[in-house]
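# Structural overview for review
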Amino acid sequence: MAALASTESLQLMLQVTGLSMHFPVYKGLMRRQIGEIKAVDDISFHIMRGETLGLVGESGCGKSTAGRALLKLYQPTSGRVELDGTDVTALEGEDLRRIRTDMQMIFQDPQACLNPRMTVGSIIAEPLDEHTRLSRRQKRQKARELLDAVGMNPDYENRYPHEFSGGQRQRIGIARALALEPKFIVCDEPIAALDVSIQAQVVNLLEDLQQQHQLTYLFISHDLSMVRHIADRIAVMYLGKLVELASREQLYQSPQHPYTKALLSAVPEPDPEKEAIRERIILQGDVPSPANPPSGCNFSTRCPIAQEQCMRETPAWRELEGGRYIACHMVQ
Amino acid sequence: MTVREPAGRQSSQQVVLEVNDLKTTFNTRDGQVHAVNNVSFSLSTGELLGVVGESGSGKSVTMMSLLKLLPSPPAEVVADSILYEGRDVLSMGDEELRELRGGGIGFIFQDPMTSLNPVFTVGYQLTEAIRQHLPISKKEARARAAELLAKVGIAQPVERLRDFPHQFSGGMRQRVMIAMSLACEPKVLIADEPTTALDVTIQAQILELVRDLRRDQGMGIIWITHDLGVVAGIADRVIVMYGGQIVEHAPVKELFNNPQHPYTKALLATMPSIDASRSERLYSIEGQPPSLSGAPTRCSFAPRCEYAFDRCLEENPPIVSMDNNHQAACWLRHPQYTAQGSQHPPEEISLRETF
Ligand SMILES: Nc1ncnc2c1ncn2[C@@H]1O[C@H](COP(=O)(O)OP(=O)(O)O)[C@@H](O)[C@H]1O
Ligand SMILES: Nc1ncnc2c1ncn2[C@@H]1O[C@H](COP(=O)(O)OP(=O)(O)O)[C@@H](O)[C@H]1O
Ligand code: SF4
Ligand SMILES: [Mg+2]
Ligand SMILES: [Mg+2]
């Protein structure tokens, strides 16, 4: 958990304004563009230094795409991203390369980003090759320190990824993300592939590292219980758009958006007594395709309280009292 | 060892499935894997038995073993008995087994695409499944197929029979799979992590459906999951597996209110809650799940257990019955340590005991 104590930590770390990422859809031999997938559609939010913003929503709603567009792993269709006062959107070449060291990503499947033929030590030190002028010895020393920092034996540096369990591989992925001493890390479902008993280990590690290095996190997850634990504020996404953003207490105690309410009511609780009396909001049907979103509010096709206006007009993203945000016609 | 009567059931319910001392070993090039050890349980009609455990704890292998679905070699399945309606599955011939798998016991897997054939329409696959078990015409079977789709909550069932599996969303495919397994009106339904790959709102739809089906059909259901929350919502009784063994077995409320095995207790503590008070730091179970390369010679949870004492490292604790239809495999729960005048675990262990 981020302790927003010192004045320094109250500074803005990330400011995102109107960010969109639309993927073109092509068809036929001529590769004619016949449409676009609005994976991320006009989202705005900010994250303070040392804070963790949770980003939740169901699969395919655009969480990973948003994370990647923020880090400029994609060139966004439109919008603006400022990291610690620098407009990242406009950067290219050497400037972009330099700012990349400030922002890193931790992935769901550590397996996929750990080269099986490289030793753990060289995997962790690889970002140092590209971005620093450290000597071989210094790099090795740094890799050992990083292994230690993520709770692994530094002597594992000569082993290969397959020799480790899922949780340990995630630790290696985290060590690698930390190598360049970033300010901001996008954690994209970092515990989704891990067993329950290992998830807590990794979450505790991420929290410890955040405190030690004053890290700012965007924590992407579909696990609403875990997000409640780790995030200071939470943004809820549905079909490419943010529908609600609020502090942890606000969101879990008094969700406003009908989608947030349904999502929270669907989370099974490990308590048979509560489960027996729980009022569930069961949403009908499936999420529409982002290539063909409905007119008006994206949630209107499944929303239990939708009115005629909802089918017609896209609700604006607006600030409510108490620093929370919402996009819904029906919430005052 | 014999299974004792587990949860309080009504007298109208009958035991349909009974497994006694199941052991499954895989003989691989890298050596033996003791995937399932000494597993015993039973299932009655109309009852939902939840099976929870982390990946690799032996949940799937247990169910595959009792249906004789594992090729041998590499698998070697032994048991005192596996009884379906009193008949021994282990001594069944191929014909009888086919009948059992398609008729008596339905199976739903985590990924419906592995069990639906992508090149045939859903209607064709459903009618074939129905006709294998009921001597009815194609037309009648098709009508029944549409009924089944409607029953699992698929809109426009007659039209959707013409669709191929890929034309259904993940949640809808899982419904198709449920319809498929209901086709032959099985007495037992085994669902292996059927909602693990689904989003929570879709999972909520499926769980709602299962509650309805149970009420209407009176099947015995085994629901495998790694999500204790899911089990809390739908199960009557719960088995907790760890390292290929049943470590705890109890009626659902008893299990959650009064966990007896340190692993269950730790698992419950490690999960953050959606509305209870939030702890600054998550409770975490240190260490890794056990390797299954040998038959258990000690408690498989001992290296990670806060309460472990010398006996735990010397001998695998047998599962013992306690009050309230509760069973656990833990030395702390064994009569040798709990009975009046018995030996006691070391003092510092008793002090650490909080439950
Ligand atoms: N590179 C891509 N090209 C085209 N479509 C994409 C691409 N990446 C993601 N998408 C689509 O964008 C939508 C959002 O995907 P994603 O960001 O991965 O969602 P999430 O991470 O929330 O599950 C999905 O419909 C997905 O199919
Ligand atoms: N065909 C096989 N050969 C060797 N080992 C296997 C095989 N199938 C499963 N296992 C092992 O058996 C153990 C139990 O697996 P499984 O029942 O699938 O676990 P769960 O379903 O609880 O995740 C695991 O350690 C797994 O690696
Ligand atoms: S037998 Fe021992 S090690 Fe195993 S769970 Fe019980 S106390 Fe812990
Ligand atoms: Mg994603
Ligand atoms: Mg399994």
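The notes below deal with the structure included here. What you see is a predicted model; the values in this text were computed from it and never measured.

A separate point is the overall build of chain A. Secondary structure assignment for chain A yields 12 helices and 12 strands. Against the globule reference of 20 Å for 332 residues, chain A gives a C-alpha radius of gyration of 21 Å, in line with a compact fold. Across the 332 residues that make up chain A, the buried fraction comes to 55%. When the accessible surface of chain A is totalled, it reaches about 14700 Å², and 47% of it is carbon and sulfur. Each charge class in chain A was averaged separately, 37 positive and 42 negative side chains, and the resulting centres sit 5 Å apart.

Not every one of the 13 residues close to ligand 3 is listed here, only the nearest: C299(B), C305(B), C312(B), C330(B) and W331(B). Comparing atom positions with the cavity grids shows ligand 3 to sit within the largest cavity.

Take the pattern of salt bridges next. One pass over the full model with this rule turns up 36 salt bridges over all chains. For D41(A), the salt bridge identified is with K241(A), shortest N-O distance 3.5 Å. Here D41(A) is found in strand β2 (residues 32-48), whereas its partner K241(A) is found in strand β10 (residues 241-247), with 200 residues between them in sequence. Grouping residues by exposure puts D41(A) and K241(A) together as buried. Between E95(B) and R98(B) there is a salt bridge, and its shortest N-O distance comes to 2.9 Å. Placement of the pair is E95(B) and R98(B) together in helix α2 (residues 94-104), with a separation of three residues, close to one helical turn. Here the residues in one salt-bridge network are R49(A), D84(A), D102(A) and K183(A), joined through shared partners.

A word on the packing of helix α7 (residues 170-182) of chain B against helix α8 (residues 200-217) of chain B. Residue and element names in this part refer to chain B. Between α7 and α8, the least distance of the axes is 10 Å, while the angle of their chain directions is 15°. Taken together, the axes of α7 and α8 lie roughly parallel to each other. In this structure, α7 meets α8 at a crossing whose hand is right-handed. Every residue of α8 that contacts α7 at G171, Q174, R175, I178 and L182 is listed here: I202, Q205, I206, L209, L213 and Q217.

Side chains on a regular strand alternate between the two faces of the sheet. Residue and element names in this part refer to chain A. Among the five residues of strand β7 (residues 184-188), five are classified as buried, and the element is accordingly described as predominantly covered. Pairing between β7 and strand β8 (residues 216-221): five bridges, direction parallel. Its bridge partner lying in β8, F184 is registered against T216.

The next point concerns the interface of chain A and chain B. If you look at the interface, chain A gives 41 residues, while chain B gives 46 residues. In terms of surface lost to chain B, no three residues of chain A exceed R228(A), P270(A) and P272(A), which account for 15% of the buried area on that side. Here chain A and chain B share one salt bridge between them. The closest approach of N and O atoms between R281(B) and D208(A), which form a salt bridge, is 2.8 Å. Connecting chain A to chain B are 17 residue pairs in polar contact (both at pLDDT 80 or more). Contributing elements (two or more residues each) for the side of chain A that touches chain B: α7 (196-213), α8 (224-230), α9 (248-253), α10 (258-266) and α11 (272-277) of chain A. Considering each element in turn, the side of chain A that touches chain B owes the most residues, nine residues, to α7(A).

As a further point, take the packing of aromatic side chains. What the rule picks out here adds up to 12 aromatic pairs over all chains. Aromatic pair Y238(A) and Y259(A): ring centres 4.6 Å apart, planes at 55°, arrangement tilted. Placement of Y238(A) in strand β9 (residues 233-238) and of Y259(A) in helix α10 is noted, with a sequence separation of 21 residues between them. Judged by relative accessible area, which is 1%, Y238(A) ranks as buried. Among the aromatic residues, ring-to-ring pairing joins Y238(A), Y259(A) and F299(A) into one connected group. Its end group placed over the ring of Y252(A), R228(A) keeps NZ or CZ at 6.0 Å from the ring centre. It is R311(B) that lies over the ring of W331(B); its NZ or CZ is 3.9 Å from the centre.

Time to look at the site of ligand 1. Residue and element names in this part refer to chain A. The local shell around ligand 1 holds 13 residues, among which G60, G62, K63, S64 and T65 are the closest. K63 is positioned such that a nitrogen or oxygen atom in its backbone is 2.8 Å from an oxygen atom of ligand 1. At 2.5 Å from an oxygen atom of ligand 1 is found a side-chain nitrogen or oxygen belonging to T65. For ligand 1, whose unbound accessible area comes to 560 Å², protein coverage reaches 64%. The element best represented in the shell around ligand 1 is helix α1 (residues 63-70), accounting for three residues. Split by residue class, the shell around ligand 1 holds six nonpolar, five polar and two charged.

Analysis parameters
- All chains use their own residue numbering, which begins from 1 and follows the written sequence.
- Throughout, the order in which chains and ligands are written sets their labels, letters from A for the former and numbers from 1 for the latter.
- In keeping with the model being predicted, local features are shown solely for residues with a pLDDT of at least 70 and side-chain atom pairs are shown and tallied solely at 80 or more, while totals for entire chains, interfaces and linings include all residues.
- Excluded from the side-chain calculation are hydrogens and water; included are all heavy atoms of the structure.
- Per the convention used, a helix needs a DSSP run of H or I reaching at least four residues, while a strand needs a run of E reaching at least two, with both numbered from the N terminus.
- For a compact globule the rule gives 2.2 Å times the number of residues to the power 0.38, and the radius of gyration it is set against comes from C-alpha atoms.
- Only protein chains enter the area calculation, which uses a 1.4 Å probe; residues under 20% of their type maximum are buried, those over 50% are exposed, and those in between are partly exposed.
- The method behind every accessible area is Shrake-Rupley, applied with a 1.4 Å probe, and residues are considered shielded solely by the protein chains displayed.
- Counting rule applied: Lys, Arg positive; Asp, Glu negative; His and chain ends not counted.
- Lys charges are placed at NZ, Arg charges at CZ, Asp charges at CG and Glu charges at CD.
- We define proximity as follows: a residue is near a molecule or strand when any one of its heavy atoms falls within 4 Å of that partner.
- Put simply, the grid is 1 Å and covers the protein atoms alone, a cavity is a trapped set of points that fit a 1.4 Å probe, a pocket is an open set with protein on both sides within 12 Å along at least five of seven lines, and lining residues have an atom within 4 Å of a point.
- Assignment to a cavity or pocket requires that more than half of a molecule's atoms be within 2 Å of the site's grid points.
- Salt bridge, as used here: a side-chain nitrogen of Lys or Arg that lies within 4 Å of a carboxyl oxygen of Asp or Glu.
- Lines fitted to C-alpha atoms define the axes, with helix axes restricted to the stretch in contact, and inter-axis angles between N-to-C directions lie between 0 and 180 degrees.
- Orientation categories follow fixed angle ranges, with anything under 35 degrees roughly parallel, anything over 145 roughly antiparallel, 65 to 115 roughly perpendicular, and all other angles oblique.
- Working rule for handedness: look at the near helix, and if it is turned counterclockwise from the far one by less than a right angle, call the crossing left-handed; if clockwise, right-handed.
- The contact definition used throughout considers only heavy atoms, calling two residues in contact when any of these lie within 4.5 Å.
- Each pair of strands is called paired provided DSSP finds at least two bridges between the two strands.
- The term buried area denotes the loss of accessible surface (1.4 Å probe radius) that occurs when two parts are joined, taken as the sum for both partners.
- N or O atoms closer than or at 3.5 Å make up a polar contact, with two conditions inside protein: a donor-capable atom paired with an acceptor-capable one, and, for residues adjacent in sequence, both atoms drawn from side chains.
- A pair of Phe, Tyr and Trp rings is counted when the ring centres sit within 6.5 Å of each other, with Trp represented by its six-membered ring. The angle between the planes then sorts it: under 30 degrees is stacked, over 60 is edge-to-face, the rest tilted.
- Counting as a charge over the ring demands two things of the Lys NZ or Arg CZ atom: a distance within 6 Å of the ring centre and an angle within 35 degrees of the ring normal.
- Gly is put with the polar residues, along with every residue not named as nonpolar or charged; the nonpolar set is Ala, Val, Leu, Ile, Met, Phe, Trp, Tyr, Cys and Pro, and the charged set is Asp, Glu, Lys and Arg.

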